[in-house]
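What the coordinates show
Letter by letter, the chains look like this.
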Amino acid sequence: MTLVKAGFVVLDCAEPEKLSVFYKELLDGEQTGASANLVEIRGADGVRLAFRRDVNATSPSWPRPENSLQAHLVFLVEDMDEAERRVVGLEGRPIDTKDPAGPYEERGYADPAGHSFTLRLMPVTAPKQG
């Protein structure tokens, strides 16, 4: 019997209602719970996030060390440019959009409350031959 049935990544922020809308729209998700200080969502692919009210929350300053990165989310996408347009349209902002060396194309962003996340291009696998 499994004891833990589900888990959430919880982001602290001043306005959980507003931040939950950003992620709900980005992930084509739905709100699954809400209270005075917490909003929970589930993305279309099953990703579960929650947003907790902290009136003293300060935005992470990554990559500056003054207020180090507390959490980092990674979302896999099939079309990087389309995903970037959606993030920016939802009031997210690019923080690092250069293409890194290596097998993955990644771009860094901040949500409207300043939490950083990465969009990573899903690797394309060729079908087996023969």
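First things first, this report covers the structure right here in the doc. (Residues numbered from 1 in each chain as written. Predicted model: local features only at pLDDT ≥ 70, side-chain atom pairs only at ≥ 80, totals over all residues. Heavy atoms only, no water.)

Moving on, we get to the overall build of the chain. In terms of helices and strands, the chain carries two helices and eight strands. Mapped in sequence order, the helices and strands of the chain form the string β-α-β-β-β-β-α-β-β-β. Buried residues in the chain amount to 28% of all 130 residues. Long-range pairs, those at least 24 residues apart, make up 52% of the contacts in the chain with a sequence separation of at least 6. Carbon together with sulfur atoms contributes 50% to the accessible area of the chain, which is approximately 8500 Å² in total. (Helix = DSSP H or I, 4+ residues; strand = E, 2+ residues; numbered from the N terminus. Buried < 20%, exposed > 50% of the residue type's maximum accessible area, 1.4 Å probe, protein only. Contact = heavy atoms within 4.5 Å. Areas by Shrake-Rupley, 256 points an atom, 1.4 Å probe, with all protein chains shown as cover.)

Where two aromatic rings form a pair, the distance of their centres and the angle of their planes describe that pair. Under the definition given, this model contains seven aromatic pairs. Note on F22 and Y23: the rings are 4.9 Å apart at their centroids and 90° apart in plane angle, and the pair reads as edge-to-face. What makes Y23 buried here is its relative accessible area of 0%. Ring centres 6.1 Å apart and planes at 65° place the aromatic pair Y23 and F117 in the edge-to-face group. (Phe/Tyr/Trp six-rings, centres within 6.5 Å; stacked < 30°, edge-to-face > 60°.)

Our next topic: the sheet that holds strand β2 (residues 30-34). Ordered in space as β1-β4-β3-β2, the four strands form an open sheet in which the pairing is mixed. Looking at the sheet topology across the chains shown, the edges are occupied by β1 (9-13) and β2. The average angle at which neighbouring strand axes cross in this sheet is 25°, direction not considered. Across five bridges, strand β3 (residues 38-42) lies against strand β4 (residues 48-53) in antiparallel orientation. Note that in β4 the partner of L38 across the bridge is R52. The strands touched by helix α1 (residues 16-26) within the sheet are β1, β2, β3 and β4, with β4 carrying the most contacts at an inclination of about 160°. (Pairing = 2+ DSSP bridges. Axes fitted to C-alpha atoms, helices over the stretch in contact; angles between N-to-C directions.)

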